[in-house]
Amino acid sequence: MRGLRLFLRVMLCVSTLIWPTMRSSAAQGLASADLSRLRAVGNVAVSPDGHRVAYTIVMRDRPGRPYGQLWLMDINTQKSVRVGGEKDSAGYPLWSPDGKLVALAGNQGGKTGLFVAHQDGSDVVFLAPTIGTNSPLPGTGREMAWSPDGKQVAFISSTPSALAAEASGDPMVISRYLYKPDAGEGLTRFNDNQRLHIFVVDLASKQVRQLTSGESDEHSLDWSPDGKEILFVSNREPNQDEFFNYDVFALRVADGSVRRLTATEFNEYEPLWSPDGKHIVYRGTRRGLTDRETTMEDTHVWIVNADGSERREIGAVIDNRQGAPQWAPDGNSVYFTVQERGRVLLVRLPISGGKPEYIVPDTGAVGGWSIGKGDALAYSFTGARDMAELYVKTGGGASRKLTDLNAEVLKGKQFGEVESFTFVSNDNKFEVEAFLTKPVGMSGTSRHPLIVNIHGGPHGQNGPSFNFKNQVYAARGWATLNVNFRGSTGYGQKFADAVFGDQDGNEGQDVLYGVSAAVRRYLWIDRERMGIEGVSYGGQLTDWLITQTNQFKAAVPIAGIANLISYNYMTYYNQYEEMEFGQFLHQGNLMDIAWERSALKHVAAAHTPTMLMHGENDNDVPIAEAEQFFIALKDVGTEAIFVRYPREGHGISETGHTIDSIERCITWYEKHFPKAGASGITNVQP
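Keep in mind it's a predicted model, so treat the numbers as computed, not measured.

Caption draft 1: Representation of the pairing of strand β30 (residues 448–454) in the model. Most of β30 is tucked away: seven of the seven residues are buried. In the sheet, β30 pairs with strand β32 (residues 525–535) via six bridges, with the strands oriented parallel. Paired with I451 across the bridge in β32 is G531. Inspection of the sheet shows β30 paired to strand β31 (residues 479–484) by three bridges, in the parallel sense.

Given below as structure tokens:
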């Protein structure tokens, strides 16, 4: 037997050296089809006493898009029960003040809307139907809020606006500037013109009252500790479609009167009352130049008095992007997430001042999280080798992992190690960080392809946490490079601002310099077998970079922008380029600059075989962007194919489509990569 094991090890080394892309990925690591079996923890809500936790599990085992199911766990026994049946879905759990009930939104027993269940998951009761909207409303907070006495639940639902009828008639009459739906919707072509309003349902009588109306949207609810008011966020500008500006308001429950707590030119998100009702915490910005799709400015945590006075940016002590805050039960500090060098960490900050305390500083990404009595913390966390799992942490104790949802799927799988490195940018202004996912099954002499995978945004980040596609590539013996180019978050405001007025400029050079640094540091990377891809802004940079270099053997731009001018006038958030360049395209010579920075203008220099992918109903980056670039590549004589996904908005959401897209990427790269060890060098770049 010892001799047989030695023989098998020798044969494995030989096969790794000669046929690295022909190994069985199922035996080594993840395959694309594994996605349908993987699950992840989504929303998390710990009960007020800290003894139970409600959490959603994101499932991918049905045709169509992922969906969530709600589970309730007793933390002491770690026993969980599902709320509803196998075919039901639910999310956004919120505990009643006494912890005996949990409110949820979803589909239970064939009904859709707002429900409540007992703390053990039993007796699911339907309270009220709810209707959403496909209107672009970024940064929305809580959709429900319990009254302090636990007898009522405030919730968000929609009613038709004054424009709804004519905009959906025959013919359709479009009068709104913001007439297209949000990025991820993808199921309809136009804004449904529904407006979100505040409703309250009485648990005993099931009677529903509508508290707000009109041509504005209200969302992000929180009920005051004294029971008299409900906080909400709304854009009350007269030209709200063109000027994105959330402010904080308080609605008096008794008579429906509204008082305004902030009146700024910038945005406030997700306000919450302090436990004593004297203060309000929220996430906000300082700049008026903000877009619905993305903000160049890092959001920070702010506090304001209950009457709207004395606003303070307490989050200014951390120069990085911050998430929605929550109060500690004693009201003396707040918790919030921070993006930092590819990670998402959880921080506690005293409201009186002082240094932030990193509560979850681990390598990976904190997702949903919640605070209970005694600062009991429940949270989802994505590490290096699994999707998000549920953890709890009490006081100063260590974190405990409560779920292992993917143990069966991941058992015996090998993973590519993720390693970070830094390099100096082309203009010597920045230290740029990149993350390299190494191939599975490397040997001392093996050579491996490299796929450059560019993140979107541009104000986003890659990091060391689990990336399914990267690990599928790793299982095939391929490395993946993620470069956090200038404009990325997690590296301070100056770094995020560095892409201003310079799209398809130095941030693209950051990507190429990252490739150069990688092939020089990791000599096992095969320069003759390099591919490039990305989604959204990553797709835009993929389009752009194949007009600037021929070093990649194949490219896969997904939902990318090829023409900054046409994009500006077709996207649903038409002021994104204004934010990124500081003025409208028609002002000054910006139209000329935008055309110069468009991949379409330089398509004659593109010779990389390109497979474009796009959602059929993408209103974020309309599919016409891919249509233009596809025809232009064909005109040039560059090999190109075009994959269009029905029912998809921005990016690819349906599990079947995601698996299909990964398989097509693999096939495309394999078609255009030369065989391993082929003689001759055609790529001398970089």
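Caption draft 2: Expanded view of the sheet that holds strand β19 (residues 300–305). Read from one edge to the other, the open sheet built from three strands follows the order β17-β18-β19, with strand pairing classed as antiparallel. In this open sheet, the two strands that pair with only one neighbour each are β17 (268–273) and β19. Along the sheet, successive strands turn relative to each other by an average axial angle of 25°, direction set aside. As defined by bridge partners, strand β18 (residues 279–284) adjoins β19 across six bridges and the pair is classed as antiparallel. Its bridge partner lying in β19, V281 is registered against I303.

Caption draft 3: Region of the structure containing the pairing of strand β8 (residues 125–129). Across four bridges, strand β7 (residues 111–118) lies against β8 in antiparallel orientation. Across the sheet, F115 pairs through a bridge with F126, a residue of β8. Hairpin connection, β7 to β8: the antiparallel pair is bridged by six residues, and G121 has positive phi, about 90°.

Caption draft 4: Looking closely at the nonpolar core. Among the nonpolar cores identified, the biggest contains 64 residues, and F421, L481 and F629 are the most heavily contacted of them. Ranked by residues supplied to this core, first place goes to helix α7 (residues 506–521) with six residues. Excluding residues within four positions of it along the chain, F629 makes contact with D543, I546, T547, A562, A599, L600, V603 and L612. Listed in part, the 30 residues of the second largest apolar core include M387, F415, M611 and Y669.

Caption draft 5: Region of interest: helix α5 (residues 468–475). With eight of eight residues buried, α5 lies mostly within the body of the structure. When we look at burial in α5, the residues that qualify are F468, K469, N470, Q471, V472, Y473, A474 and A475. For α5, the N-terminal cap is N467; the gap from its side-chain oxygen to the backbone nitrogen of K469 is 3.3 Å. Following α5 by one or two positions, G477 adopts a phi angle in the positive range, close to 90°.

Caption draft 6: Here's a closer look at a nonpolar patch on the surface. A contiguous nonpolar patch, built from M172, I174, Y179 and F190 and spanning about 340 Å² of accessible area, is present on the exposed surface. By the element assignment, F190 lies in the loop between α3 (164–167) and β11 (194–202).

Caption draft 7: Structural context of unusual backbone geometry. The residue after D170, namely P171, is reached through a cis peptide bond having omega 5°. Tracing the backbone through its elements, the reader meets P171 in the loop between α3 and β11. Each neighbour pair has its own omega, and for G457 with P458 the value is 10°, a cis peptide bond. By secondary structure assignment, the location of P458 is in the loop between β30 and α5. Of note in this structure, R341 is not a glycine but carries a positive phi near 50°. Within the secondary structure, R341 sits in the loop between β21 (333–340) and β22 (343–350). On the basis of relative accessible area, R341 is assigned to the partly exposed category, the value being 35%.

Caption draft 8: Layout of the packing of α7 against helix α8 (residues 537–545). Closest axis-to-axis distance for the α7/α8 pair is 11 Å, and the angle between their directions is 80°. Relative to α8, the element α7 lies roughly perpendicular. Contacts between α7 and α8 involve E507, G508, V511 and L512 on the former and, on the latter, Y537, L541 and L545.

Caption draft 9: Fine view of the packing of α5 against helix α13 (residues 655–672). Where α5 contacts α13, the axes come no closer than 11 Å and their chain directions differ by 40°. Relative to α13, α5 is oriented oblique. The two elements α5 and α13 meet at a crossing, and its hand is right-handed. Here F468, K469, V472 and Y473 of α5 come into contact with α13, specifically with I662, C665, I666 and Y669.

Caption draft 10: View of the sheet that holds strand β5 (residues 89–95). Ordered in space as β5-β6-β7-β8, the four strands form an open sheet in which the pairing is antiparallel. For this open sheet the edge positions go to β5 and β8, each flanked by a neighbour on one side alone. Pairs of neighbouring strands in the sheet enclose a mean axial angle of 30°, with direction left out of account. Looking at chain direction, strand β6 (residues 101–108) and β7 are connected through eight bridges and run antiparallel. Following the sheet pairing, N107 is matched in β7 by T112.

Caption draft 11: Here's a closer look at the pattern of salt bridges. Counted by the stated rule, this structure contains 33 salt bridges. One salt bridge in this structure joins R260 and D247, with 2.5 Å as the shortest N-O distance. Placement of the pair is R260 in strand β16 (residues 258–260) and D247 in strand β15 (residues 247–252), with a sequence separation of 13 residues. The buried category is assigned to D247, whose relative accessible area is 0%. Salt-bridge contacts for E313 lead to R286; the nearest nitrogen and oxygen are separated by 2.5 Å.

So, how was this worked out
- Residues numbered from 1 in each chain as written.
- Predicted model: local features only at pLDDT ≥ 70, side-chain atom pairs only at ≥ 80, totals over all residues.
- Heavy atoms only, no water.
- Buried < 20%, exposed > 50% of the residue type's maximum accessible area, 1.4 Å probe, protein only.
- Helix = DSSP H or I, 4+ residues; strand = E, 2+ residues; numbered from the N terminus.
- Pairing = 2+ DSSP bridges.
- Axes fitted to C-alpha atoms, helices over the stretch in contact; angles between N-to-C directions.
- Core = buried A, V, L, I, M, F, W, Y, C linked by side-chain atoms within 4.5 Å.
- Contact = heavy atoms within 4.5 Å.
- Polar contact = N/O pair within 3.5 Å; in protein donor to acceptor, adjacent residues only side chain to side chain.
- Patch = residues over 30% accessible without salt bridge, like charges linked within 9 Å, V, L, I, M, F, W, Y side chains within 5 Å.
- Areas by Shrake-Rupley, 256 points an atom, 1.4 Å probe, with all protein chains shown as cover.
- Salt bridge = Lys/Arg side-chain N within 4 Å of Asp/Glu carboxyl O.
- Parallel < 35°, antiparallel > 145°, perpendicular 65-115°, else oblique.
- Left-handed = near helix turned anticlockwise from the far one by under 90°.

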